[in-house]
Amino acid sequence: MQSVDISTAAAGAPSLPMNGVWRTIRSYVLWQHERGTLHYDIMVTLILLFVFFSPRVINFNDKPAPRNLHLSDVVVTPDAQGRLVYQISASAISPGDDQSVRDQLLQIIKPISGEVTIVNYEPVTDGKGHVQAYKVLVKR
């Protein structure tokens with residue numbers, strides 16, 4: 001009977017120095033290279049690539065908190081006594097009695113200025129008498 005020698009390396013193929021590859025990877029992880037060397041430049045380049053391109057690849061789910069913006073036009077001006085005068089578009093307010101209009105105006109003003117009380121409000125009309133806006137005087 002003949003014996004057959006089985007080897008995993010191909011005939012004539014050079015063996016890879018895996019020990020050297022692992023030593024290089026270990027030196028990268030432990031940051032053992034001096035500034036100005038090729039390996040130092042490679043490490044810095046890899047870090048910069050990660051910093052600049054990872055947000056494009058990785059979804060971090062970092063979005064700003066949604067704000068409840070009102071679609072009405074609001075203009076805020078101070079008066080002589082230090083109170084605030086809000087001019088709110090009439091399209092943002094549905095017509096109704098005095099209390100419902102005050103509640104709607106306050107609902108628009110609160111996200112802008114926080115807790116305030118309405119001192120007075122008056123409708124601003126055009127030449128034909130149609131309400132275009134409301135001027136609201138508030139105090140804190």
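Bear in mind the structure is a predicted one, so any value in this text is a computation, not a measurement. (Residues numbered from 1 in each chain as written. Predicted model: local features only at pLDDT ≥ 70, side-chain atom pairs only at ≥ 80, totals over all residues. Heavy atoms only, no water.)

1. Considering the packing of aromatic side chains
Spelled out, the test is: Ring pairs are drawn from Phe, Tyr and Trp, using the six-membered ring of Trp, whenever the two centres fall within 6.5 Å, and their geometry is named by plane angle: stacked under 30 degrees, edge-to-face over 60, tilted for the rest. The rule is simple: take the accessible area with a 1.4 Å probe, protein chains only, and divide by the maximum for that residue type; under 20% is buried, over 50% is exposed, in between is partly exposed.
A full pass over the atoms with the stated rule returns two aromatic pairs. Taken together, a centroid distance of 5.6 Å and an interplanar angle of 75 degrees make the contact between tryptophan 31 and tyrosine 40 edge-to-face. Assessed through its relative accessible area of 18%, tyrosine 40 is described here as buried.

2. Considerations on the pattern of salt bridges
Heads up, the rule is: One speaks of a salt bridge when a side-chain nitrogen belonging to Lys or Arg is within 4 Å of a carboxyl oxygen belonging to Asp or Glu. Numbering goes from the N terminus for both helices and strands, where a helix is a DSSP run of H or I of at least four residues and a strand is a run of E of at least two.
For the coordinates displayed, the defined rule picks out two salt bridges. Across the pair arginine 102 and aspartate 98 runs a salt bridge whose closest N-O atoms are separated by 3.4 Å. Separated by four residues within a single helix, arginine 102 and aspartate 98 lie in helix α3 (residues 98-113), roughly one turn from each other. A salt bridge links glutamate 115 to lysine 110; the nearest nitrogen and oxygen atoms lie 3.7 Å apart. Since its relative accessible area comes to 35%, lysine 110 is described here as partly exposed.

3. Considering the sheet that holds strand β2 (residues 84-89)
To keep it simple, the criterion reads: Think of it this way: DSSP has to see at least two bridges between two strands before they count as a pair. Lines fitted to C-alpha atoms define the axes, with helix axes restricted to the stretch in contact, and inter-axis angles between N-to-C directions lie between 0 and 180 degrees. Contacts are assigned to residue pairs that have any heavy atoms within 4.5 Å of one another.
A sheet is described by the order of its strands in space; here four strands give the open sequence β1-β2-β4-β3, paired in antiparallel fashion. Among the strands making up the open sheet, the edge pair consists of β1 (74-78) and β3 (117-125). With direction set aside, neighbouring strand axes in the sheet form an average angle of 20 degrees. Direction of pairing for β1 relative to β2: antiparallel, over a ladder of five bridges. Counted as the bridge partner of valine 75 is glutamine 87 from β2. In the packing of α3 onto the sheet, contacts are made with β1, β2, β3 and β4 (131-139), and the angle to β3 comes to roughly 110 degrees.

4. Here we look at the pairing of β4
Bridge analysis of β2 against β4 gives six bridges, and the strand direction is antiparallel. Directly across from tyrosine 86, in β4, lies its bridge partner valine 136. Two elements, β3 and β4, share eight bridges in a ladder whose sense is antiparallel. In the sheet register, threonine 125 faces β4, and the bridge partner there is valine 131. Taking the residues that link successive antiparallel strands as the turn, the β3-β4 hairpin has five residues, and the phi of glycine 129 there is positive, at about 95 degrees.

5. Considering the side chain of serine 27
Note on placement: serine 27 falls in helix α1 (residues 18-29). Those residues within four positions of serine 27 in sequence are excluded, and the remaining contacts are Gln32 and His33.

6. Some details on the confidence of the model for the chain
Close inspection of predicted coordinates is inappropriate in any region flagged by low pLDDT. Rules: Along the chain, pLDDT gives the predictor's confidence residue by residue, from 0 to 100.
Residues of the chain with pLDDT of at least 70 account for 84%, and the chain-wide mean is 82. When mean pLDDT is taken per element in the chain, helix α2 (residues 38-57) scores highest with 92 and β1 scores lowest with 85.

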